[in-house]
Amino acid sequence: LTEDGTACGPARWVADLAGAIRDLARTQRTLRWVWPSTAECYPPLLRSGVRLARCHDIELTEALLLGAAGRWGEPRSLAAAFARLTGAPVPEDASDRLSRPGPGQPDDQQELFPRGEIRVAGANQPGQPTSGIHGLEALVRVVPDQHARCARCAEPGRMRMLIAAESAGALAAVEMGLEGLPLRVEVHERVLLELLGSPSAGGGQPRRLVELTQRIVDAFGGHQMRPDSPAEVLRAFSRIGITLPSTRAGVLRQVDHPAVPLLLEYKELYRIWTAHGWTWRRQWVRDGRFHPEYVAGGAASGRWATRGGGALQIPRAIRSAVIADPGWVFVAADAGQLEPRILAAVSGDRGLAAAAGTGDLYEALAAESFGGDRAAAKVALLGAMYGQTGGQAAPALAVLRQRYPTAWEFVEAAARAGEAGGLVRSWLGRTCPPPPPGWGEHSTGLQDAGQEPGRGGEGADRRSGEGADRRARGRFTRNFVIQATAAEWALVLLARARLALAGTGATLVFFQHDEIVAHCPAAVARATAEAMRRAGDEAGQLLFGASPVRFPLDIAVVECYGDAKGQARRPSPAPA
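What comes next concerns the included structure. Sequence positions are assigned chain by chain, starting from 1 and proceeding in written order. Given that this is a predicted model, residues contribute local features only at a pLDDT of at least 70 and side-chain atom pairs are listed and counted only at 80 or more, while totals for whole chains, interfaces and linings are drawn from all residues. Computation of side-chain values covers all heavy atoms of the structure but excludes hydrogens and water.

**Overview of the overall build of the protein**
Next, step 1: Along the backbone of the protein there are 22 helices and 14 strands.
Next, step 2: Every one of the 576 residues in the protein was classed for burial, and the buried ones make up 50%.
Next, step 3: Total accessible area on the protein is roughly 26700 Å²; 51% of this is exposed by carbon and sulfur atoms. Where helices and strands are cited, they refer to DSSP runs of H or I of at least four residues and of E of at least two residues respectively, numbered from the N terminus. Categorising residues by exposure relies on relative accessible area from a 1.4 Å probe, with only protein chains included: less than 20% of the type maximum marks a residue as buried, more than 50% marks it as exposed, and the intermediate range marks it as partly exposed. Computed with the Shrake-Rupley method and a 1.4 Å probe, the accessible areas treat only the protein chains shown as cover for residues.

**Re the state of the cysteines**
Next, step 1: Note on disulfides: each one is a pair of cysteine sulfur atoms within 2.5 Å. On inspection of all chains with the given rule, the structure shows zero disulfides.
Next, step 2: With no disulfide of its own, C41 lies closest to C55 among cysteine sulfurs, the gap being 9.5 Å.

**Some thoughts on the packing of helix α16 (residues 361-369) against helix α17 (residues 374-386)**
Next, step 1: A fitted line through C-alpha atoms serves as each axis, taken over the contacting stretch for helices, and the angle formed by two N-to-C directions is quoted from 0 to 180°. One way to put it is that α16 packs onto α17 with a least axis distance of 8 Å and a crossing angle of 110°. Here α17 runs roughly perpendicular to α16, going by the angle between their axes. Across from L361, Y362, E363, L365 and A366 in α16, the residues of α17 making contact are R374, A377, K378, L381 and L382.
Next, step 2: Its residues placed into classes, the contact of α16 with α17 shows seven nonpolar, no polar and three charged. These descriptions rest on fixed angle ranges, namely under 35 degrees for roughly parallel, over 145 for roughly antiparallel, 65 to 115 for roughly perpendicular, and the rest for oblique. By the convention used here, residues are in contact when the closest approach between their heavy atoms is within 4.5 Å. Throughout this entry, Asp, Glu, Lys and Arg are counted as charged residues, while Ala, Val, Leu, Ile, Met, Phe, Trp, Tyr, Cys and Pro are counted as nonpolar. The remaining residues, Gly among them, count as polar.

**Here we look at the environment of G336**
Next, step 1: Here G336 shows up in the loop between β11 (328-335) and α14 (338-347).
Next, step 2: Between the C-alpha atoms of G336 and D514, which are 178 residues apart in sequence, the distance is 8.3 Å.

**What to know about the packing of α14 against helix α19 (residues 405-419)**
Next, step 1: Relative to each other, α14 and α19 sit at 95°, their axes nearing to 9 Å. What the angle tells us is that α14 and α19 run roughly perpendicular. The segment α14 lies against α19, with L343, V346 and S347 engaging T406, A407, F410 and V411.
Next, step 2: Split by residue class, the contact of α14 with α19 holds five nonpolar, two polar and no charged.

**A word on the packing of aromatic side chains**
Next, step 1: Stacked, tilted and edge-to-face pairs are distinguished by plane angle, under 30 degrees for stacked and over 60 for edge-to-face with tilted covering the rest, among Phe, Tyr and Trp rings (Trp via its six-membered ring) whose centres lie within 6.5 Å. Per the counting criterion, the structure on display carries twelve aromatic pairs.
Next, step 2: Centre to centre, the rings of F510 and Y561 are 5.7 Å apart; their planes meet at 65°, and the pair counts as edge-to-face. Pair noted here: F510 is in strand β12 (residues 507-512) and Y561 is in the loop between β14 (553-558) and α22 (564-567), with a separation of 51 residues, a long-range link.
Next, step 3: A connected cluster of aromatic rings, assembled from ring pairs, spans W427, W489, F544 and F551.

**A short note on helix α21 (residues 525-544)**
Each α-helix turn comprises 3.6 residues. Residues three or four places apart therefore point the same way.
Next, step 1: With 20 residues, α21 should reach 28 Å at 1.5 Å per residue; the first-to-last C-alpha distance of 29 Å fits that figure.
Next, step 2: Residues A525, T528, A529, A531, M532, A535, G536, A539, G540, L543 and F544 constitute the buried set of α21.
Next, step 3: At the exit of α21 stands G545, carrying a positive phi of roughly 65°. By this rule the span expected of a helix is its residue count minus one, scaled by 1.5 Å.

**Considerations on unusual backbone geometry**
Next, step 1: In this model, Q337 sits at a positive phi of 55°, which is unusual for a non-glycine residue.
Next, step 2: Its relative accessible area of 14% is what places Q337 among the buried residues.

**Re helix α5 (residues 135-151)**
Next, step 1: The end-to-end C-alpha distance of α5 is 24 Å, a good match for the 24 Å that 17 residues give at a rise of 1.5 Å each.
Next, step 2: Along α5, the positions that sit buried rather than exposed are G135, A138, L139, V142, V143, Q146, R149 and C150. Taken down its axis, α5 places every buried residue within 135° of arc, on the same side. Working note: the arc is built from the helix axis to C-beta atom directions.

**Things to note about the sheet that holds strand β13 (residues 515-521)**
Next, step 1: What the four strands build is an open sheet, ordered β12-β13-β11-β14; its pairing is antiparallel. Looking at strand neighbours, the two that pair on one side only are β12 and β14, the edges of this open sheet. When strand polarity is set aside, the average angle formed by the axes of neighbouring strands in this sheet is 20°.
Next, step 2: Looking at chain direction, β11 and β14 are connected through six bridges and run antiparallel. Looking across to β14, one finds that A332 is bridged to A556.
Next, step 3: Taken strand by strand, helix α20 (residues 468-501) contacts β11, β12, β13 and β14, and its axis lies near 170° from that of β12. At least two DSSP bridges between two strands are needed for those strands to be called paired.

**Examining the pattern of salt bridges**
Next, step 1: Any carboxyl oxygen of Asp or Glu within 4 Å of a side-chain nitrogen of Lys or Arg constitutes a salt bridge here. This model, assessed by the stated rule, comprises 21 salt bridges.
Next, step 2: Among the ionic pairs, E175 bridges to R498, the shortest N-O distance being 2.7 Å. Residue E175 is located in helix α6 (residues 156-179), and its partner R498 is located in helix α20; the two are separated by 323 residues in the primary sequence. Of the two residues, E175 and R498, neither departs from the other in class, the shared state being buried.
Next, step 3: A salt bridge links E412 to R478, with the shortest nitrogen-to-oxygen separation between them at 2.5 Å. With E412 in helix α19 and R478 in helix α20, this residue pair connects regions lying 66 residues apart in the sequence.

As C-alpha cells, then:
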C-alpha cells in the first residue's frame with residue numbers, strides 16, 4: 001500500500017506466507033505491516049521465527065478513530081469497519097464470521113489468517129443477498145478510509161503517532177506473552193509454603209489461611225464467618241457495634257479492634273493464594289516462564305489489561321521467584337513520578353514544568369512553594385489529579401491553586417467537562433467513553449475503579465447523594481486526561497525501547513503501566529540500560545517537543561526482579 005493506504009498492485013499468493021514475510025522483513029526493514037488484528041495474526045508468525053518491526057492494527061486503529069468521532073465502543077473489527085464503509089449492517093465484534101481461505105490460498109495458511117472471507121449482507125444494496133468479500137480486499141479498502149478519517153481529526157499528527165504507538169504496543173504484547181517472564185518454580189513453591197503453609201489436599205484453603213480464619217472468628221467472639229466474604233465481615237463488625245462502609249484496607253486500618261490486623265494479613269495472603277498460587281502456576285507457567293496474555297489498550301485510558309494471569313499486579317513476594325537465566329540479568333526501567341510530570345507537560349504551567357525539569361519533582365515543589373514540606377507537595381499534586389479537593393488536602397491544594405494556576409485550571413476544566421456530560425481527550429487524541437445511558441438522572445453515583453473517593457469541590461451539592469454521579473464523572477475525566485497521556489508516553493517508551501533492543505540479545509519480557517523490563521546477557525546490561533534511558537528521553541521529545549519537563553527513569557540491573565525497586569537509581573538532575 002502507498003502512504004495514503006491505496007494498493008500498489010494486485011495480491012500475490014505464496015506457498016509459504018511466513019517465509020515470504022520473513023524475506024521481505026529482512027530486506028525492507030521500514031515496512032509497516034497491515035492486518036486486521038495483531039493479537040490474531042502475529043502469534044503464528046512469531047512461532048515461525050518471524051519478528052516484525054512495525055504494523056498497522058485495523059482493530060486498534062478503528063477503536064481510536066471511533067472514539068475520536070464520539071462513537072466510543074462501537075464494533076471495531078475489520079468486518080465492522082468494512083460494513084460501515086460500504087453501508088452494510090454492522091456486525092457485532094463477537095459475532096463476526098469470516099469463512100475459509102479465499103481462492104488460491106493454501107489451506108495450511110489458515111492458521112495465520114484463519115478467517116479469510118467477510119460475509120457482507122447487501123453492501124450498498126439494501127435487500128440484496130449476502131455476498132462474500134475476501135478479507136484482503138476488505139482490508140485494502142478499509143486502510144485508506146482510516147487514513148482519511150485520521151486526517152480529519154482535530155490533531156491528525158498526534159493521532160497518527162497514537163495509532164503507530166498503539167500498534168507497536170500490540171506487537172510487543174504478543175512478543176512478551178510468547179517469550180514469557182523467567183520464573184523459578186522451586187522458588188515460587190518455597191515462597192508459597194513460607195507464606196501460606198501446605199496446600200489442602202482437597203483444594204481448600206492452605207494451612208495459614210485456615211489458622212487465620214479461626215483467629216478472626218475468635219476475635220469476633222466465636223461467631224462463624226468467612227473472612228473472604230466482605231458481607232460477612234461487615235456483619236461481624238456490625239454485631240459489635242461498628243458500622244463500616246466497606247472492607248477496604250484503608251477503611252479497616254481506621255478501626256481499633258484485634259480482628260483488624262488479622263483481617264489485613266488474611267486479605268493479603270488470600271489474594272496471593274487465589275491470584276498467584278498453585279492454580280495460577282499450573283495455568284500460566286510453563287517451561288520456566290510465566291506467559292501472560294496482554295491486551296493492548298484494554299482499559300479506557302489506553303492502559304493494558306490481561307486475560308487472566310494477573311501480570312499487572314504481581315505481588316512483591318512473588319517477584320522474588322522471577323529470576324534471570326544463568327549468566328543473564330533483568331534491566332528494569334521505571335518512570336518515577338510519571339503522572340505529575342505529565343500534568344506539567346500537558347498543562348503548559350511554566351512553574352510546574354520548571355520543577356518537573358529536576359530529578360525529584362516533589363522536592364522541587366516543596367522547596368519553591370510548600371516550605372520544604374515534600375509530603376504536602378505530593379498531597380497537593382495527587383489531590384488535584386485525582387479529585388480529592390477537600391479534607392486534610394485542602395491547605396496544600398490552596399497553595400497549588402495559587403502558585404500553579406495553569407496546571408490547576410487544566411484539571412479543573414477536565415472535571416467540569418465531565419460533570420457536564422462532555423468528553424475529554426488525551427494529549428494524542430484518545431477520547432474518553434461517554435456517560436452511560438440515563439446518567440445524571442438519579443442520585444446513585446458511578447463507581448469508577450481506581451479513582452480516589454469524593455471530589456467535594458466548591459459548590460458541590462451533597463444533599464442525599466444528589467449530583468454524586470456528576471462528581472464521579474468529573475473525577476474520572478479529571479484523571480483521564482493525565483492517565484491516558486501517561487499511558488501514551490509509556491507506549492512510546494515501549495515502542496522506542498523495543499526497536500532499540502532489536503538484535504542486541506536483550507528481549508523485553510514485562511510491561512506494567514510505567515515500567516518495562518528486559519532480559520539480557522549480563523555482558524550487554526549496561527548497553528541495554530542506556531538504550532532504555534535514551535528511549536525515555538525520546539518518548540518525552542516525541543510527545544512534547546522542547547518542553548523543559550524531564551521523564552527520568554529509575555533503572556536497576558538485577559538477577560531477581562524482586563530486588564529491582566531497592567536498587568533502582570534515578571538519573572542525576574539536569575544541569576542548570
